[in-house]
Amino acid sequence: MIANLLVGMLCVYLLSFTVMFLLISRRLGGEKMGTDAFAVGNLALGSAYVLQLLEGPAGWSAMSVANHSLTLCALAAYSVGGARFFGRRTPLLWPLVAVGTGYALLQLAMHWAWGPVARYALLSATCALCFAAMVVVLVAGMRTFARDLRGEMLVFAALIGGICILNAMKLAKLLAGGLPALDMDGRFQMIFYVYMCSLATIIPPSIVWLVLRRLTDTLRGNAARDPLTRLLNRRGLTEALDAHFRRADACARLLLIDVDHFKRINDRHGHQAGDAVLCAVADVLRGAVRKDDLVCRMGGEEFAAVCPGADDATALQVAERIRHAIASAAMLQVAGGETVRCTVTVGVSGSFDDQVTLARAMQAADAALYRGKRGGRNRVERDASAPESDGAPMAGARILLAAADPLS
Ligand SMILES: Nc1nc2c(ncn2[C@@H]2O[C@H](COP(=O)(O)OP(=O)(O)OP(=O)(O)O)[C@@H](O)[C@H]2O)c(=O)[nH]1
């Protein structure tokens, strides 16, 4: 009686979360993060338990065969949901049809060859194996595809490990005592369904939490990135620098990088070509800086690179590397075979070590950049007010570099 009540509660949990997952997946539109598959999984498992309530004591009936097949389909749907959550394009419909039909035929064969106990034992053994495989995938995922969700994967692995053990115990009981082991008033079935109810209470909201976490991470990432080039934007740079200054008190230097005569590229080749050139510049910048440097699009055709821990000499080297890399790169091939090239002028600040001194560094780099523009473009200028420290090899306040301007 109590076990039947628990199964009834299970049906309510599972079916209400079916609706919840469906609503979330509709709301998410394109990137559903597996919520559609989780809805199908819950629907299949909820329906299986409804059939179990309707079919009465364990035995042979079409309802029981459908119940076992739906249970297996639910496991397949949850696996597909998990794979989709982690970005794998996994089909849902044909695996479910294959699992459902294949398992129904297998049940018939088992029942015909070895009788009803074998059919129930097959379900417990298959479930135990599937859950064990899920635990292995979750634990492996903690080191590979789900490194950012270690805690969550551990909790899922522990919960699923529990139901795996209970299924293995059910198998042992069935093999030892036959169908009476599945008596719904027995102690074991009570424990089994209390555990299942706990799982149904904990796992679906945890999946909703995972989806929420992914969404907020994506939103935060989008708010911190420039949509055209996917470089950090000003806000992303400020946040990244906050995090850097919290971790280390080493100073940094700022490079302001402005594409020369960018308006001419737009005017000559169109705004779309201009956008493509900005993306190509962003790619060159990514490749020209060191691993720990931050690259950002400040807006328009202006970019910035922050070099944490760099002294004057290093910052100037990075600036010159960037200038040279951009000047030598073919940015875009336009109709008629013409190659679009561009140059940049770079203003290098003195050192800064927090947000307040960053604002000053920004002004100084901007002033240096302005001088570079007035001085003919395609060059690196350093902050004239900053003392030449750290053995910087610059003799004067500025370096003027190969100034052949391909656009002038
Ligand atoms: N294609 C494209 N153009 C942009 C974007 N943002 C700003 N621009 C254009 O960039 C041009 C910047 O022009 P200016 O500020 O005169 O600078 P410039 O032509 O690069 O000249 P100097 O900086 O003095 O060398 C303007 O024509 C803007 O419309 C963008 O996202 N895409």
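Rules of the game
- Residues numbered from 1 in each chain as written.
- Predicted model: local features only at pLDDT ≥ 70, side-chain atom pairs only at ≥ 80, totals over all residues.
- Helix = DSSP H or I, 4+ residues; strand = E, 2+ residues; numbered from the N terminus.
- Rg over C-alpha atoms; globule rule 2.2 N^0.38 Å.
- Buried ≥ 20, exposed ≤ 12 C-beta atoms within 10 Å, placed from the backbone.
- Contact = placed C-beta atoms within 7 Å.
- Core = buried A, V, L, I, M, F, W, Y, C linked by C-beta atoms within 7 Å.
- UniProt positions renumbered as here; feature names shortened; annotations may be inferred.
- Domains from an automatic or database assignment.
- Near = placed C-beta within 6 Å.
- Nonpolar A, V, L, I, M, F, W, Y, C, P; charged D, E, K, R; others polar.
- Pairing = 2+ DSSP bridges.
- Right-handed = clockwise from strand over helix to strand, strands pointing away.
- Axes fitted to C-alpha atoms, helices over the stretch in contact; angles between N-to-C directions.
- Left-handed = near helix turned anticlockwise from the far one by under 90°.
- pLDDT = per-residue confidence, 0-100.

Of the regular secondary structure elements, the protein chain holds twelve helices and eight strands. The C-alpha atoms of the protein chain give 31 Å as radius of gyration, which overshoots the globular expectation for 408 residues (22 Å, by more than 25%). Principal-axis analysis of the C-alpha atoms places the extent of the protein chain at approximately 95 × 50 × 30 Å. Expressed as a percentage of its 408 residues, the buried residues of the protein chain come to 39%. Within the protein chain, residue pairs in contact and separated by at least 24 positions form 67% of the contacts whose partners lie at least 6 positions apart.

The nonpolar side chains of a soluble globular protein tend to be buried, and buried together. Grouped together as the largest cluster of nonpolar side chains are 62 residues, with contacts concentrated most on Leu 10, Leu 14, Ala 44, Cys 73, Ala 74, Ala 77 and Ile 160. Sorting the residues of this core by element identifies α1 (2-28), α2 (35-55), α3 (62-85), α4 (93-114), α5 (116-141), α6 (150-177) and α7 (187-223) as the ones contributing at least two each. In terms of residue count, α2 provides more of this core than any other element does, ten residues in total.

The next subject is the UniProt feature "transmembrane region" (unreviewed entry) in the protein chain. In the numbering used here, UniProt assigns the "transmembrane region" (unreviewed entry) feature to residues 6-25, 60-80, 92-114, 120-141, 153-172 and 192-212. For the annotated span residues 92-114, helix accounts for 96% and strand for 0% of the residues, and the straight-line distance between the end C-alpha atoms is 32 Å. Secondary structure across residues 153-172 divides into 100% helix and 0% strand, with the first and last C-alpha atoms of the span separated by 28 Å.

In terms of domains, the protein chain is made up of domain 1 (2-223) and domain 2 (234-399). A separation of 53 Å is found between the C-alpha centroids of domain 1 and domain 2.

A few words on the site of the ligand. In the vicinity of the ligand, 16 residues are found, and the nearest of them are Asp 260, Phe 262, Lys 263, Gly 274 and Gly 300. Those elements that provide at least two residues to the shell around the ligand are β1 (252-259), α9 (262-269) and α10 (271-288). Broken down by element, the residue count for the shell around the ligand peaks at four residues, all from α10. Across the shell around the ligand, the residue classes break down as four nonpolar, five polar and seven charged.

Here we take up the environment of Leu 10. Here Leu 10 lies in helix α1. Owing to 23 C-beta atoms within 10 Å, Leu 10 belongs among the buried residues under this scheme. Between the C-alpha atom of Leu 10 and that of Val 50, which follows or precedes it by 40 residues, the distance is 9.2 Å. Among residues more than four places away in sequence, those in contact with Leu 10 are Tyr 49, Tyr 193, Met 196, Cys 197 and Ala 200.

Another point: the pairing of strand β6 (residues 344-352). Most of β6 is tucked away: nine of the nine residues are buried. Bridge count for β1 against β6 is seven bridges, and the pairing is antiparallel. The residue of β6 that forms the bridge with Asp 258 is Thr 345. Pairing of β6 with strand β7 (residues 380-382) involves three bridges; the strand directions are parallel. Within β7, the residue paired with Val 346 across the bridge is Val 380. What joins β6 to β7 is helix α12 (residues 355-374), and the crossover it makes is left-handed.

Packed helices, taken two at a time, are described by the angle between their axes plus the distance between the axes. Running from amino to carboxyl end, α3 crosses α4 at an angle of 145 degrees, the nearest separation of the two axes being 9 Å. The chirality of how α3 crosses α4 is right-handed. Across the interface between the two elements, Val 65, His 68, Ser 69, Leu 72, Cys 73, Ala 76, Ala 77 and Val 80 of α3 pack against Pro 95, Leu 96, Val 99, Gly 100, Tyr 103, Ala 104 and Gln 107 of α4. Looking at the contact of α3 with α4 residue by residue, the class counts come to eleven nonpolar, four polar and no charged.

This part takes up the confidence of the model for the protein chain. Residues with a pLDDT of 70 or more make up 94% of the protein chain, whose mean pLDDT is 90. Per the prediction output, this complex has pTM 0.73; the corresponding ipTM is 0.94.

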